[in-house]
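Survey of secondary and tertiary structure
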Amino acid sequence: VWLRSNMTATSARRMMAMIKRVGLDPGTLGALQNVAIAKIVRRRCIRCPREALCERWLVGEVEGGNTFCPNAQTFSSLKRT
């Protein structure tokens, strides 16, 4: 139980950092809390196989876009709307 809640907290922190880094308003996902898209975004982040790459990208150790992110297209679409 502790491991699961720790993983969820870590992925939530990473997800919010990604939202900010790609230029979205951090309240965007909060506004969508009960919408299916928000649940999908959270689930993808929790199950992300590229957590280490994400962490490095978020602190600027990796150059380029966030194309490795399973939510990249979703974040891009949200940014356009």
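Residues numbered from 1 in each chain as written. Predicted model: local features only at pLDDT ≥ 70, side-chain atom pairs only at ≥ 80, totals over all residues. Heavy atoms only, no water.

Structural notes on the overall build of the chain
Helix and strand content of the chain: five helices and zero strands. For the chain, the N- to C-terminal ordering of α and β elements is α-α-α-α-α. Counting over 81 residues, the chain shows a buried share of 31%. Contacts in the chain between residues far apart in sequence, at least 24 positions, make up 66% of those at least 6 positions apart. Put simply, the chain shows about 5,400 Å² of open surface, and 54% of that area lies on carbon and sulfur atoms. (Helix = DSSP H or I, 4+ residues; strand = E, 2+ residues; numbered from the N terminus. Buried < 20%, exposed > 50% of the residue type's maximum accessible area, 1.4 Å probe, protein only. Contact = heavy atoms within 4.5 Å. Areas by Shrake-Rupley, 256 points an atom, 1.4 Å probe, with all protein chains shown as cover.)

Description of the packing of aromatic side chains
Applying the stated rule across the entire model yields one aromatic pair. Of note, Arg21 hangs over the ring of Trp57, and the distance from its end group to the ring centre comes to 4.0 Å. (Phe/Tyr/Trp six-rings, centres within 6.5 Å; stacked < 30°, edge-to-face > 60°. Lys NZ or Arg CZ within 6 Å of the ring centre and 35° of its normal.)

Observations regarding the environment of Arg56
Within the secondary structure, Arg56 sits in helix H4 (residues 51-58). By relative accessible area, Arg56 is classed as partly exposed at 39%. Residue contacts for Arg56: discarding those within four places in its chain leaves Glu61 and Val62.

Here's the deal with H4
Where H4 is concerned, the buried positions are Cys54, Trp57 and Leu58. End-on view of H4: buried residues confined to an arc of 95°, all on one side of the axis. Taken from the residues just after H4, Gly60 is the one with a positive phi, measuring 85°. (Arc of directions from axis to C-beta.)

Topic: the nonpolar core
Counting 16 residues, the largest nonpolar core has Met18, Trp57 and Phe75 as the members making the most contacts within it. Breaking this core down by element, the ones donating at least two residues are helix H1 (2-21), helix H3 (36-46), H4 and helix H5 (72-80). Sequence-distant contacts of Met18, defined by excluding residues within four places in its chain, comprise Cys54, Trp57, Leu58, Asn66, Phe68, Cys69 and Phe75. (Core = buried A, V, L, I, M, F, W, Y, C linked by side-chain atoms within 4.5 Å.)

That is the geometry; function is a separate question.
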